[in-house]
Amino acid sequence: MGMKAQLAVNAAVGLLVIGAVSANTGSGVTAGNGDGSAHRFKAFVNSHGTSAERAAVSHVTEVHRAAPPAGDTDTVDVHTDFTGGAPGGGTDPARLITAAFADWKHDGRGRVTVYDSAGEQLGTRTY
């Protein structure tokens, strides 16, 4: 196979993979990236969560999901507007956020980590 043909095949496979990831990311209750997923997550919690979960999730600003290799678990990062890291009082709301996220992703398996506005880890949970 010539160099141009190989490049065309590689490009087509790459687009197919990107398309499959994009299609899977936006369907159902799967987590995607950015504030769109944060809005879907908040909408779920506003409909199904407790008042404490709704209050905690109101601080979520972004939800980022890395595309996992086949067979691996999802890894999701939830960013919030909390400040001060663990001493700032964000650990209790982070527990509520991780529990609500596990309920939202009831059909999958993975790990969710909650971060404050400076990127400090507040809590993590396996679901």
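Caption draft 1: Spotlight on the overall build of the chain. Across its full length, the chain carries 4 helices and 5 strands. Listing every helix and strand of the chain by position from the N terminus yields α-β-α-α-β-β-α-β-β. For the chain, the residues scored as buried account for 32% of the 127 residues in total. Of all intrachain contacts in the chain linking residues separated by at least 6 positions in sequence, the fraction that spans at least 24 positions is 55%.

Caption draft 2: Quick look at the nonpolar core. In this structure, Phe41, Val60, Val63, Val78, Ile97 and Phe101 are the most contacted members of the largest nonpolar core, which totals 20 residues. Put simply, the parts of the chain that give this core at least two residues each are helix H2 (35-48), helix H3 (51-57), strand S2 (60-66), strand S3 (74-80), helix H4 (91-104) and strand S4 (110-115). No other element matches the 6 residues that H4 contributes to this core.

Caption draft 3: Fine view of the pairing of S3. Burial along S3 is one-sided: the residues Asp74, Val76, Val78 and Thr80 are buried and none of Thr75, Asp77 and His79 is. Bridging between S2 and S3 involves 6 bridges; their strand directions are antiparallel. Bridge pairing in S3 links Glu62 to His79. Pairing of S3 with S4, which is carried by 6 bridges, proceeds in the parallel orientation.

Caption draft 4: Main features of the confidence of the model for the chain. For the chain, the mean per-residue pLDDT works out to 77, and 69% of the residues sit at or above 70. H3 holds the highest mean pLDDT among the elements of the chain, 96, whereas helix H1 (residues 3-25) holds the lowest, 43. Scored below 50 in pLDDT, residues 11-31 shows 20 contacts in the model against residues more than four places distant or in partner chains.

Caption draft 5: Fine view of the side chain of Thr98. Structurally, Thr98 can be placed in helix H4. On the basis of relative accessibility, which here comes to 5%, the residue Thr98 falls in the buried class. Here Thr98 is in contact with Val112, Val114, Gly123, Thr124 and Arg125, once residues within four sequence places are set aside.

Rules behind the numbers
Residues numbered from 1 in each chain as written. Predicted model: local features only at pLDDT ≥ 70, side-chain atom pairs only at ≥ 80, totals over all residues. Heavy atoms only, no water. Helix = DSSP H or I, 4+ residues; strand = E, 2+ residues; numbered from the N terminus. Buried < 20%, exposed > 50% of the residue type's maximum accessible area, 1.4 Å probe, protein only. Contact = heavy atoms within 4.5 Å. Core = buried A, V, L, I, M, F, W, Y, C linked by side-chain atoms within 4.5 Å. Pairing = 2+ DSSP bridges. pLDDT = per-residue confidence, 0-100.

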